[in-house]
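Report on the structure
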Amino acid sequence: MTRHPALPRACAALVHLLALTAPLYVQTSRAAVQLTTPSSPPTPDANVVYSNFMGISLELSFINYYFGNSTDQIPQPVLKYFSDLHARGSGKPLRLRLGGNSMDSSTYVPNQQEIIQFTDPNANSNDQPVNYGPQLWEVMKGVSSAVGGAQYLIGLSLRDPNNTNIPLLAGDAWKQLGDDLDALLLGNEPDLYTAHGNRPNLKNYTTDNYIDDYATVFANLQNTPDGDVLSSNIIAGPTICCFWNLDGVLNSGWLDRFAERLKYITLQHYPQNNCQNKPQYGLDYYTVHANAVALAKWQQDGLDIINTSKNRRPVLMDEFSSASCGGVPGISDTFAAALWTTDYALQMAITGYSGAYLHTRERGVTYNLFDPPPAPAGGAGAWTTNPSFYGMLPVAEALASANGSRVVDLNIDNSQTDKSATVAAYAIYDGAAPTIHSLVVFNFANASGATADYAIAQSFVPAGSSGDVLVRVLAAPSVNEKTNISWGGKTYAGVGDGNPVDASFPASVPDKQVSCASGCTVQIPGPGLAVVFLNGAPDFSGSSNSSGNGTGPSGNPQDRGGSGALRAGSASLVALLATAVFALLAVA
């Protein structure tokens, strides 16, 4: 038979393509990880959280870059981000906080026309004071109205408890925001006042000083120009972060003395301090489940006191992220941070928090959830979505339930304590019934697409259901990835308007429906996580992953096979290879 001269070259090209695609189909050799239901559901007093558990904390100084300078200038991409979170919130308001160091050092000016004016060009980048005016309240109300409802935390400075600006600000915010005002955070990280020189007249600022200052401000809040703010019982504290322990503050008499007017107990904390650009941990810290477990217990003694106190109040982590002072490049802006965000948030839900707020600052700060364009505040241009924002989406969707949810760590492979474990999983129970409505499963292995099998026991599947479960995956090529990240086959990569699109990169994983009536096995890529919806496809009307009947995010019919379908990008390459094979046969 005559040999076609082009055949060797075509074969070589085909072999090359196969070599490129081989990693996309790798499976780990380890046995499937067994997921079994806990022996009993959570106790009746277990912490109940809702799908708006995660909120966003915004630094005051740069709020107009995110909210615009007026109600007709609110950036549409921000509204899209917020609306997508709100749509996943089971009808609850979106949690937003206005604060940070700059909230403590800034001044409210009631007759100022501009929303923000910087007052110190030489200020520390981590504490940039501004003057701000009442236009801020109008814009905040506009945002809330546009996204379907938001509830705001607003900081009140405690650096000078006798400052008349405190009741002035509190009264105006209370009057103008109305029901959108969730709480007033009195003091920002008071346990750092001595270290930061915020109370120079005191050698050491103590909890006794703090209690005296609280009493002073409480008295002043009863007589604001807009009335008695204190009577609304919307104060929160102590908002400590670092040097004081919560149990010490609670046992000092602070809680008993002020409980009647307190709405929340608030804390702030970062896993590491990067204010001197000397991070203590590398990226690997954020892909170890046991580290998230330990971190969530940072103030466990204090949380235990609150849980048994007659003055029990909901606890909020009103500011956190992967590292303080803007984060760590190569960590805070990677897929590892997205995985950690989801893992740590679910741990906080277990340990007793009712909500947690990821912090965002000026454009270009490493840990930001998203970045405005390089334009004046409120200006046009393309926005950039950063990895940590993706980490919020699985939390909101997994916790979706009208009754709220109770979270249980399944401790697979002893992952709560074994730092060598590369897997973790949570069962999400209904807030009132002993039923599990979703699972969250992690594969922390940085294996460039290699999958791990997870065997889901039949006992997880709700009685009377069809037995079909929906698997939605958060995936990226590696833990170092900064851009090509997908959730349910959708991505914000290359998108400037906040509207996610179908992901075309090979690491993306489309939604998959699996028959699980007799138990089933699902595959999770490494690195990645999946939410397994045990009652079938959720309905997040208006959100980016609302899929319609029997179709995935791209509109294609969902695969209904058993364990593990090829990824969207992989499938397209397979089609390409098949075409090449037929071409070779034809010329041969």
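Residues numbered from 1 in each chain as written. Predicted model: local features only at pLDDT ≥ 70, side-chain atom pairs only at ≥ 80, totals over all residues. Heavy atoms only, no water.

This part covers the nonpolar core. Among the nonpolar cores identified, the biggest contains 120 residues, and F53, F67, F82 and W254 are the most heavily contacted of them. At ten residues, the largest contribution of residues to this core is made by helix α12 (residues 335-351). Excluding residues that lie within four positions of it along the chain, F53 makes contacts with R95, A345, M348, A349, Y353, S354, G355, A356, V395 and L399. Y454, V473, C516 and V522 belong to the second-largest nonpolar core, a separate cluster that totals 30 residues. (Core = buried A, V, L, I, M, F, W, Y, C linked by side-chain atoms within 4.5 Å. Buried < 20%, exposed > 50% of the residue type's maximum accessible area, 1.4 Å probe, protein only. Helix = DSSP H or I, 4+ residues; strand = E, 2+ residues; numbered from the N terminus. Contact = heavy atoms within 4.5 Å.)

Another point: the state of the cysteines. In this structure the tally under the stated criterion is three disulfides. Here C241 engages in a disulfide with C242; their sulfurs sit 2.2 Å apart. Between C241 and C242 the disulfide shows an S-S torsion of about -105 degrees. By sign, it is left-handed. Owing to a relative accessible area of 2%, C241 belongs among the buried residues under this scheme. (Disulfide = S-S within 2.5 Å.)

With that out of the way, let us pick up the environment of N499. Looking at the element boundaries, N499 is found in the loop between β21 (490-491) and β22 (501-502). Assessed through its relative accessible area of 33%, N499 is described here as partly exposed. Distance in space between the C-alpha atoms of N499 and Y81 is 8.1 Å, their sequence separation being 418 residues.

To continue, consider the side chain of Q151. Position of Q151 among the secondary structure elements: in strand β7 (residues 150-156). Residues within four places of Q151 in sequence aside, it is in contact with N52, P93, L94, R95, L96, D180 and D182.

Across all of its chains, the model carries six cavities of 30 Å³ or more by this definition. A volume near 70 Å³ is recorded for the largest cavity. Every residue lining the largest cavity is listed: S51, N52, M54, L85, H86, P93, L94, M392 and A396. Those elements that place two or more of their residues in the lining of the largest cavity are α3 (76-87) and α13 (387-398). Of the volumes computed, that of the second largest cavity is approximately 40 Å³. Lining the second largest cavity are R97, G99, G100, M103, D104, G155, L156, L185, G187 and N188. Only β3 (94-99), α4 (101-105) and β7 provide two or more residues apiece to the lining of the second largest cavity. Looking at the lining of the second largest cavity residue by residue, the classes come out as three nonpolar, five polar and two charged. (1 Å grid on protein atoms, 1.4 Å probe; cavity = no way out; pocket = protein on both sides within 12 Å on 5 of 7 lines; lining within 4 Å. Points joined across faces, edges and corners; volume = space filled by probe spheres on them. Nonpolar A, V, L, I, M, F, W, Y, C, P; charged D, E, K, R; others polar.)

Relative orientation of the contacting elements helix α5 (residues 135-147) and helix α6 (residues 165-177) amounts to 35 degrees, with a least axis distance of 10 Å. Every pair of crossing elements has a handedness; the one defined by α5 and α6 is right-handed. Note on element contacts: α6 touches α5 through L169, D172, A173, Q176 and L177, opposite W137, E138, M140 and K141. For the contact of α5 with α6, the per-class residue count stands at five nonpolar, one polar and three charged. (Axes fitted to C-alpha atoms, helices over the stretch in contact; angles between N-to-C directions. Left-handed = near helix turned anticlockwise from the far one by under 90°.)

Once that is clear, we can look at the confidence of the model for the protein. Fine structural detail should not be taken from predicted coordinates in areas where pLDDT scores are low. Per-residue confidence for the protein gives a mean pLDDT of 89, with 87% of residues at or over 70. pLDDT under 50 marks residues 1-26. Its contacts with residues more than four places away, or in other chains, come to 28 contacts. Long-range and interchain partners of residues 546-588, a stretch whose pLDDT sits below 50, account for 79 contacts in this model, where long-range means more than four residues apart. (pLDDT = per-residue confidence, 0-100.)

Most of strand β25 (residues 528-533) sits inside the fold, with six of its six residues counted as buried. Here β25 shows a buried face lined by G528, A530 and V532 and a second buried face lined by L529, V531 and F533. Judged from the six bridges that link them, strand β17 (residues 436-443) and β25 form a sheet pairing that is antiparallel. Directly across from N443, in β25, lies its bridge partner G528. (Pairing = 2+ DSSP bridges.)

What the three strands build is an open sheet, ordered β4-β6-β5; its pairing is mixed. The open sheet has two edge strands, β4 (107-108) and β5 (116-118), and neither has a second partner. With three bridges connecting them, β5 and strand β6 (residues 130-132) associate as antiparallel partners. Counted as the bridge partner of Q117 is N131 from β6.

A separate point is the environment of W244. Here W244 shows up in the loop between β9 (235-240) and α8 (246-251). Given a relative accessible area of 12%, W244 falls into the buried group. Separated by 54 residues in sequence, W244 and P190 have C-alpha atoms that sit 8.9 Å apart.

The next point concerns the sheet that holds strand β1 (residues 33-35). The strand order across the open sheet formed by three strands is β1-β18-β24, and the pairing between neighbours is mixed. The sheet terminates laterally at β1 and β24 (520-525), the two strands that pair on one side only. Neighbour-to-neighbour, the strand axes of the sheet open up by a mean angle of 30 degrees, direction not taken into account.

Another aspect to go through is the packing of aromatic side chains. Counted according to the given criterion, the structure contains 33 aromatic pairs. With a centroid separation of 5.6 Å and an interplanar angle of 80 degrees, the aromatic rings of Y214 and W254 are classed as edge-to-face. Taken as a pair, Y214 in helix α7 (residues 207-221) and W254 in helix α9 (residues 254-258) lie far apart in primary sequence, 40 residues in all. Relative accessible area serves as the criterion here: at 0%, W254 is assigned to the buried category. Their ring planes at 70 degrees and their centres at 6.1 Å tell us that Y426 and F442 sit as a pair that is edge-to-face. Taken together, the residues span a long stretch of sequence, with Y426 in strand β16 (residues 423-430) and F442 in strand β17 at a distance of 16 residues. The same class applies to Y426 and to F442, which are both buried. Through pairs of rings, three or more aromatic residues link up here, namely Y66, F67, Y81, F82, F370, W383, F389, Y390 and Y492. In this structure, K92 packs its charged tip against the face of Y50, placed 4.4 Å from the ring centre. (Phe/Tyr/Trp six-rings, centres within 6.5 Å; stacked < 30°, edge-to-face > 60°. Lys NZ or Arg CZ within 6 Å of the ring centre and 35° of its normal.)

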